[in-house]
Each structure stands twice: as C-alpha cells, then as structure tokens.
Amino acid sequence: MTIKLILAGCGNMGYAMLAGWVKSTKLKAAEVLVVEPAEALRSRAEALDCLAVADATGIPADTKPELVVLAVKPQVIREATAAYKKFGNGETTFLSVAAGTPVATFAAILGERTPIVRCMPNTPAAIGKGMMVMFSNSLVSETTKKDVADLLSSSGAVAAIDDEVLMDAVTAVSGSGPAYIFHFIECLTAAGEHAGLPIQTAKLLAMQTVYGAAALAAESGEEPGLLRQQVTSPNGTTAAALGVLMGGDRLKNLVAEAVEAARARSVELGK
Ligand SMILES: NC(=O)c1ccc[n+]([C@@H]2O[C@H](COP(=O)([O-])OP(=O)(O)OC[C@H]3O[C@@H](n4cnc5c(N)ncnc54)[C@H](OP(=O)(O)O)[C@@H]3O)[C@@H](O)[C@H]2O)c1
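Under an unreviewed UniProt entry, the name given to the protein is Pyrroline-5-carboxylate reductase, and the source organism is Mesorhizobium retamae. You can read under Sequence similarities (unreviewed entry) in the UniProt record for the protein the words "Belongs to the pyrroline-5-carboxylate reductase family." UniProt annotates the protein under Subcellular location (unreviewed entry) with the comment "Cytoplasm".

Below you can see the structure in the form of structure tokens.
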C-alpha cells in the first residue's frame, strides 16, 4: 500500500497520536511509515500494523508522503527535519508537534515554499481526549487544513489559531497542562493519605474526583465558578478549604507563575 504519512519520532506524543489515528478509520496502518531509532518503540508501532524503520535512510525511494509528522524533541528537531528536505517545496505538508520551534525554522530547512502546520497536542490524545491546537503557514490550503484537522480530530478536540506567537501560551496551558492535573491528583492523594485514608482509597477518591469534576464542567455547560459555588455550603467544609487555596489568590497566582514559566521555556526552545 502507498505510504501517505511518515511519523518521525514515536515516543510519548508521537505514539499517542498514532494510536488514535490508526484506531479511527481516518488512516490505515499500512499507509503509515514510522521512523524511530528505539527498537522497542518501533515494535510498538509495528504492533499497530505500521511499517517502522530506524532512520530516514530506510524510507523507500519512491515514497511521496502527503504528510510528514515531526514528533521529536525540540533539541534534535532541526537535525531530524533536515532528513526530509527532499519532500520540501512540494506537495508534502509538514506537521510539527515540537514545543517552541517556529514555522520559520522549518521553512529555512525545508524550503520557503513548504506547507507547514504546527500543532500542539497533549497526551490524552492516546484515549481520544486530547486537545490539539493548529497554526498553519500561508502555503497550507484550506482543503489541507481541513484534512489535517479531520485526522487530528480522531485524537480529541481541535482548535486553530492565526497568531503563531500564541503557540507558546497554548503549549503552557494545554500542552503541558495534563502534567499539572496529574500532579494535582498526586497532591490530593497524598493529602488524603495524610488525613488517614488507605493509599488505594486516597488514589481512587482523588482520581475519580478530578475525572468527575472535569466531565461535569465539560458536559454541564455551566461556568466552573458556578459549579464551584454549588459545592460550597456557607461556612461549610469546602469554604474552609477554599479559604486556603483562594485566600490572597494563592492558587491563582501559583498557576499563573507556572504557566508563565512554561511559556517562557517554550520561547527559549524556539531559539
Ligand atoms: N509529551 C508531551 O506531552 C508532548 C505534548 C505536546 C508536544 N510534545 C512535543 O512532542 C515532541 C516529542 O516529545 P515526546 O515527549 O514524545 O518525546 P520522546 O518520548 O522522547 O519521543 C521522541 C522520540 O523521537 C526519537 N528520535 C530522536 N531523533 C529522531 C530522529 N532523527 N528521527 C526519528 N525519531 C527520532 C527519540 O529517540 P531517542 O530517545 O532514542 O533519541 C524518541 O523515541 C517534542 O518536540 C515535544 O515538544 C510533547
């Protein structure tokens, strides 16, 4: 079968997206060629029935991919991209999920006439609950934008932005965001254990509470502030806890500081 998509890098993020695409009917596994140096990660891709090779020299000579997805670390993205230069300035669209690295960097390597999409996904993409945000350069046609968005939608929600500068803020909120929530689950679990709960019970309560609250916020259509008030009885237990979290805007300021650190790091990674 003809290779339509090359995925360079099948680590945490590359595999999370690949799994979603292949499990959907939007892409056949045999249409995907994975380029990944780690043997264990190639085996994981092969288990999905995709072809996998260790480096770009293993790509069959007659391959003309519609899409090359770059899912390697920002630190090696320039070197990795250079291996696909022969597909630049043509019909192939490049899609990078790397934090920071701007379109201009890819255009400088691949050629100024290359259609390039940047996408910031997150790991819940592995279970179809990801948040994917796209930014496309002017060479990506409306049809291709729709096709790429359609493919990405098999991994979750898709949004587009017109100002590339905002990709750093996107990265800091939804790209890195799952880690903040996982850490909150860790903290709530530890606090539950400290309050006397058996560890397994504390884990279940923390995880199901975050899961249920996120689902309620997403499905009810109500503002999170209103949902918070519905939990908070006057002078009750929640009010006591929120006095700690919200007093002096403590949590708000801490989250703002964390998001700004991530945004600034994304800017740095792009240099
Ligand atoms: N993880 C996330 O939550 C997340 C979310 C959004 C965006 N991203 C972005 O996704 C990208 C990948 O992150 P990750 O967390 O998935 O990293 P990762 O788990 O380290 O995966 C990257 C994979 O690419 C391989 N690789 C290195 N050089 C390569 C090359 N030239 N060709 C093909 N594969 C190559 C690496 O192999 P070696 O380890 O052997 O070098 C590794 O297995 C990053 O740019 C990151 O900014 C990640």
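1. Some thoughts on the overall build of the protein
Tallying secondary structure elements over the protein gives eleven helices and eight strands in all. Across its three principal directions, the C-alpha atoms of the protein cover 70 × 35 × 30 Å. For the protein, with 271 residues in total, the buried portion stands at 40%. Taking as baseline every contact in the protein between residues at least 6 positions apart, the subset at least 24 positions apart corresponds to 62%. Summed over its atoms, the accessible surface of the protein is roughly 14,900 Å², and 60% of this surface lies on carbon and sulfur atoms. Measuring between centres, the 23 positive side-chain charges of the protein sit 1 Å from its 27 negative side-chain charges.

2. With respect to the packing of aromatic side chains
Counted by the stated rule, this structure contains zero aromatic pairs. Taking the ring centre of tyrosine 15 as reference, the NZ or CZ of arginine 44 above it sits at 3.9 Å.

3. Digging into the layout of surface pockets
The space that makes up the second largest pocket amounts to roughly 660 Å³. For the second largest pocket, the lining is made up of 26 residues, of which Met13, Lys73, Pro74, Val97 and Ala99 are closest to its centre. Put simply, the parts of the chain that give the lining of the second largest pocket at least two residues each are helix 1 (12-23), helix 6 (167-175), helix 7 (177-194) and helix 11 (250-269). For the lining of the second largest pocket, the element with the most residues is helix 11, which contributes four residues. Partitioned by chemical class, the residues of the lining of the second largest pocket number 15 nonpolar, nine polar and two charged.

4. Regarding the site of the ligand
Taken together, 20 residues surround the ligand, and among them Asn12, Met13, Glu36, Val72 and Lys73 come closest. One of the backbone N or O atoms of glycine 9 is found 3.4 Å from a nitrogen atom in the ligand. Between valine 35 and the ligand, the recorded distance is 3.5 Å, taken from a backbone N or O atom to a nitrogen atom. Notes on the ligand: free accessible area 880 Å², of which the protein chains cover 72%. For the ligand, the cavity whose grid points lie within 2 Å of the majority of its atoms is the second largest pocket. Of the residues that constitute the shell around the ligand, the class distribution is 14 nonpolar, four polar and two charged.

5. Considerations on a nonpolar patch on the surface
A grouping of Leu197, Leu204, Leu205, Met207 and Tyr211 is seen on the molecular surface, where their side chains present a nonpolar patch of about 490 Å² in accessible area. For tyrosine 211, the position within the fold is in helix 8 (residues 199-220). On the basis of relative accessible area, tyrosine 211 is assigned to the exposed category, the value being 57%.

6. Looking at the environment of alanine 179
Within the secondary structure layout, alanine 179 lies in helix 7. A C-alpha to C-alpha distance of 9.6 Å links alanine 179 and asparagine 122, two positions 57 residues apart in sequence.

7. Some words on the pattern of salt bridges
Under the criterion given, the structure shown has six salt bridges. The partner of glutamate 164 in a salt bridge is arginine 118, with the nearest N and O atoms 2.8 Å apart. Taken together, the positions of glutamate 164 in the loop between strand 8 (156-160) and helix 6 and arginine 118 in strand 6 (residues 116-120) put the pair 46 residues apart, joining distant regions of the chain. Take arginine 118: its relative accessible area is 3%, and that puts it in the buried class. Close ionic contact of arginine 263 with glutamate 260 constitutes a salt bridge, the shortest N to O distance being 2.9 Å. Of the two residues, arginine 263 and glutamate 260 both sit in helix 11, three residues apart, roughly one turn of that helix.

Rules used throughout
- Residues numbered from 1 in each chain as written.
- Predicted model: local features only at pLDDT ≥ 70, side-chain atom pairs only at ≥ 80, totals over all residues.
- Heavy atoms only, no water.
- UniProt positions renumbered as here; feature names shortened; annotations may be inferred.
- Helix = DSSP H or I, 4+ residues; strand = E, 2+ residues; numbered from the N terminus.
- Buried < 20%, exposed > 50% of the residue type's maximum accessible area, 1.4 Å probe, protein only.
- Contact = heavy atoms within 4.5 Å.
- Areas by Shrake-Rupley, 256 points an atom, 1.4 Å probe, with all protein chains shown as cover.
- Lys, Arg positive; Asp, Glu negative; His and termini not counted.
- Charge placed at Lys NZ, Arg CZ, Asp CG, Glu CD.
- Phe/Tyr/Trp six-rings, centres within 6.5 Å; stacked < 30°, edge-to-face > 60°.
- Lys NZ or Arg CZ within 6 Å of the ring centre and 35° of its normal.
- 1 Å grid on protein atoms, 1.4 Å probe; cavity = no way out; pocket = protein on both sides within 12 Å on 5 of 7 lines; lining within 4 Å.
- Points joined across faces, edges and corners; volume = space filled by probe spheres on them.
- Nonpolar A, V, L, I, M, F, W, Y, C, P; charged D, E, K, R; others polar.
- Near = heavy atom within 4 Å.
- Polar contact = N/O pair within 3.5 Å; in protein donor to acceptor, adjacent residues only side chain to side chain.
- Sits in = over half its atoms within 2 Å of the grid points.
- Patch = residues over 30% accessible without salt bridge, like charges linked within 9 Å, V, L, I, M, F, W, Y side chains within 5 Å.
- Salt bridge = Lys/Arg side-chain N within 4 Å of Asp/Glu carboxyl O.

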